[in-house]
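# Coordinates in review
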Amino acid sequence: MAKYIVQKSGPLVGTVEISGAKNAVLPIMAASLLTDEECEILEVPALRDVDAMCKLLHSIGSKVNEDFDNNRIHIKKGNILFNEAPYELVKRMRASILTMGPLLARTGRARIALPGGCAIGARPIDLHLKGFQALGADIEQGHGYVEAKAKKLTGGSVYLDFPSVGATENIMMAAALAEGHTIIENAAEEPEIVDLANFMNKMGAKVKGAGTDTIRIEGVKELRGTKHSVIPDRIETGTFMVAAAITRGDIILKNVVPDHVRPVVAKLIECGVSVEEIEEGIRVRADLKPLVSTDIKTMPYPGFPTDMQPQFMALLTTVKGPSLVVETVFENRYMHVGELNRMGADIKIEGRTAIIQGERKLQGAQVICTDLRAGAAMVLAGLMAEGITEISEIYHLERGYASFAEKFHLLGANIKKVQD
Ligand code: UD1
């Protein structure tokens, strides 16, 4: 098994190019099932999750042509669509559930292995299913699988009890080919929802209101193939902004949408980091004044993203003063706290709140990636820690960050990938 060896590095300096967004490309790939024609997707990040989605689409019956060297994939439906996603593929990647809406719309049936819980929470799919039911589907569960069936999907009205990203996307995709009008209230507003809607509208769908809490979809009879460039990854952007902050460095980030990272920028500025929009993208400087603490509460977009909570927590252990972090999106997203404490951080958990003492002198240790973003937090902490940090189970990182170690290395980080 591969691991990262990270050593204390000076301030990171230089330019980093951000890749296409994992959380945008996965639903867009699933949406390709909505048409018989070819879809060409550009700015595709070379990630394990993208590869897993390629394999899933292939097993369902699509012809997938991956050209990772050029960050491009072509997807075209084969002769038959199999409407099942087996456990072997779903357990590798939770986003497999996003094939359920399009398969239901195309074939009238979708049978998917239940994804189950994961390190950060139970992650039920009740809201996805509530949406399919509102469109007229019958739901059955048994033997670890969930099946949705409908002779014909008809438009309906869905109120989401929580603005779930995946449920919003799945319902949008199912509704695109349903007969009549669908309305999703308390919908997720994430930029990735807007990117999916833009892709679907280029295919001929009629989706309005994406990016607000009310999305309206007018069903159409069929959709066509299209070509689409995926938006830049706002979580990768945020991770490199925090890398500049934690190492007190000076980094320029290219291929970014500043609007998508407003909450992270706001918190960095509260810590005393300088964030400037420049022609090439965003310049983040943390070498101008001492950094201070701030409090964070994770929320659905446009609130502070839960996917940036572990990385920001690593930063907060190094600044002056105590901070509070409240995680409201996932019930168990503090797996990294134990690992950070093993490196000398002083973080206490009380319910959903973490209390972080600042100005800790971190020390290198053997730690594990407990999940994707927790792994990024370990690398960031390792850059500031005295001595050597050995990070194992890095396959989590490779699920969601393209060329992670290489990009850090180019900024002057002392990071090496080695085989055990
Ligand atoms: C997506 C992102 C993930 C991010 C998360 C929250 C993708 C591929 N993944 O995950 O990186 O951390 O949004 O921003 O885009 N919930 C229910 N019932 C449901 C669905 C969700 O109770 O049917 C709960 C979940 O357990 C969780 C919360 O809602 O506590 C948010 O989940 P959701 O927005 O659905 O996240 P994902 O789409 O799984």
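Cut-offs and rules
- Residues numbered from 1 in each chain as written.
- Predicted model: local features only at pLDDT ≥ 70, side-chain atom pairs only at ≥ 80, totals over all residues.
- Heavy atoms only, no water.
- Domains from an automatic or database assignment.
- Buried area = accessible area lost by both parts, 1.4 Å probe.
- Salt bridge = Lys/Arg side-chain N within 4 Å of Asp/Glu carboxyl O.
- Polar contact = N/O pair within 3.5 Å; in protein donor to acceptor, adjacent residues only side chain to side chain.
- Near = heavy atom within 4 Å.
- Areas by Shrake-Rupley, 256 points an atom, 1.4 Å probe, with all protein chains shown as cover.
- Helix = DSSP H or I, 4+ residues; strand = E, 2+ residues; numbered from the N terminus.
- Nonpolar A, V, L, I, M, F, W, Y, C, P; charged D, E, K, R; others polar.
- Buried < 20%, exposed > 50% of the residue type's maximum accessible area, 1.4 Å probe, protein only.
- Pairing = 2+ DSSP bridges.
- 1 Å grid on protein atoms, 1.4 Å probe; cavity = no way out; pocket = protein on both sides within 12 Å on 5 of 7 lines; lining within 4 Å.
- Points joined across faces, edges and corners; volume = space filled by probe spheres on them.
- Contact = heavy atoms within 4.5 Å.
- Phe/Tyr/Trp six-rings, centres within 6.5 Å; stacked < 30°, edge-to-face > 60°.
- Lys NZ or Arg CZ within 6 Å of the ring centre and 35° of its normal.
- Core = buried A, V, L, I, M, F, W, Y, C linked by side-chain atoms within 4.5 Å.

## Thoughts on the domain arrangement of the protein
What the domain assignment lists for the protein is domain 1 (2-19 + 232-419) and domain 2 (22-229). For domain 1 and domain 2, the distance between their C-alpha centroids amounts to 30 Å. Contact with domain 2 buries area across many residues of domain 1, yet Tyr 301, Phe 330 and Arg 399 alone supply 29% of it, more than any other trio. At the boundary of domain 1 and domain 2, one finds two salt bridges. Between Arg 399 and Asp 49 there is a salt bridge, with the nearest N and O atoms lying 3.0 Å from each other. Counting across the interface, domain 1 meets domain 2 through five residue pairs in polar contact (both at pLDDT 80 or more).

## Thoughts on the site of the ligand
In the neighbourhood of the ligand, 16 residues make up the surrounding shell, with Asp 126, Leu 127, Ser 164, Asp 307 and Val 329 lying closest. Take Val 165: an N or O atom from its main chain is 2.8 Å from an oxygen atom of the ligand. At 2.6 Å, a side-chain N or O of Asp 307 approaches an oxygen atom of the ligand. Contact with the protein chains covers 84% of the free accessible surface of the ligand, which is 740 Å². Looking at the shell around the ligand, the elements that each hand over two or more residues are α5 (126-134) and α6 (165-176). With three residues, α5 is the largest single contributor of residues to the shell around the ligand. The residue makeup of the shell around the ligand, split by class, is seven nonpolar, five polar and four charged.

## Side note on the pairing of strand β21 (residues 353-357)
Here β21 shows a buried face lined by Ala 354 and Ile 356 and an unburied face lined by Thr 353, Ile 355 and Gln 357. Judged from the four bridges that link them, strand β19 (residues 323-326) and β21 form a sheet pairing that is antiparallel. Residue pairing across strands places Leu 324 opposite Ile 355, the latter belonging to β21. Of the strand pairs in this sheet, strand β20 (residues 346-350) and β21 are connected by five bridges, and their pairing is antiparallel. Counted as the bridge partner of Ile 347 is Ile 356 from β21. Counted along the chain from β20 to the antiparallel partner β21, the turn is two residues long, and its residue Gly 351 has a positive phi close to 65 degrees.

## Digging into the layout of surface pockets
Looking at the second largest pocket, its volume works out to about 390 Å³. As for the second largest pocket, its lining consists of 22 residues, of which Ala 105, Leu 177, Val 220, Lys 221 and Glu 222 are closest to the centre. Across the lining of the second largest pocket, the residue classes tally to nine nonpolar, five polar and eight charged.

## Describing the side chain of Arg 333
Relative to the assigned elements, Arg 333 resides in the loop between β19 and α11 (335-342). In contact with Arg 333, not counting residues within four places along its chain, are Ile 120, Thr 306, Asp 307, Gln 309, Glu 327, Asp 371 and Arg 373.

## Looking at helix α4 (residues 100-107)
Since one α-helical turn is 3.6 residues long, residues separated by three or four positions face the same way. Counting buried residues along α4, six of its eight residues qualify, which places the element largely inside the surrounding structure. Along α4, the residues classified as buried are Met 100, Gly 101, Pro 102, Leu 103, Leu 104 and Ala 105. Of the residues flanking the end of α4, it is Gly 108, one or two places downstream, whose phi is positive at about 80 degrees.

## Some thoughts on the packing of aromatic side chains
For any pair of aromatic rings, the description rests on two quantities: the centre-to-centre distance and the angle between the ring planes. As enumerated under the stated definition, the model contains five aromatic pairs in all. Put simply, the rings of Phe 240, Tyr 401, Phe 404 and Phe 408 pair up and form one aromatic cluster. Across the ring face of Tyr 145, the terminal group of Arg 111 is positioned such that the distance to the ring centre comes to 4.0 Å. Residue placement shows Arg 373 over the ring face of Tyr 401; its charged tip is 4.9 Å from the ring centre.

## Description of the nonpolar core
With 78 residues, the main nonpolar core has Met 29, Leu 34, Ile 41, Met 100, Leu 153, Met 172 and Met 200 as its most contacted residues. Setting aside its immediate chain neighbours within four residues, Met 172 contacts Ile 184, Ile 193, Leu 196, Ala 197, Met 200, Val 207, Ile 215 and Ile 217. Membership of the second largest hydrophobic core comes to 69 residues, among which are Val 284, Leu 340, Ala 376 and Phe 404.

## Examining unusual backbone geometry
The phi torsion of most residues other than glycine is negative, and most of the peptide bonds are trans. Here the amide bond leading from Tyr 301 into Pro 302 is cis, since omega sits at 10 degrees, within 30 degrees of zero. With respect to the helices and strands, the residue Pro 302 is situated in the loop between β18 (296-297) and α10 (309-316). Located in the positive-phi region is Arg 248, a residue other than glycine, with phi close to 55 degrees. Arg 248 gets classed as partly exposed once you look at its relative accessible area, which sits at 23%.

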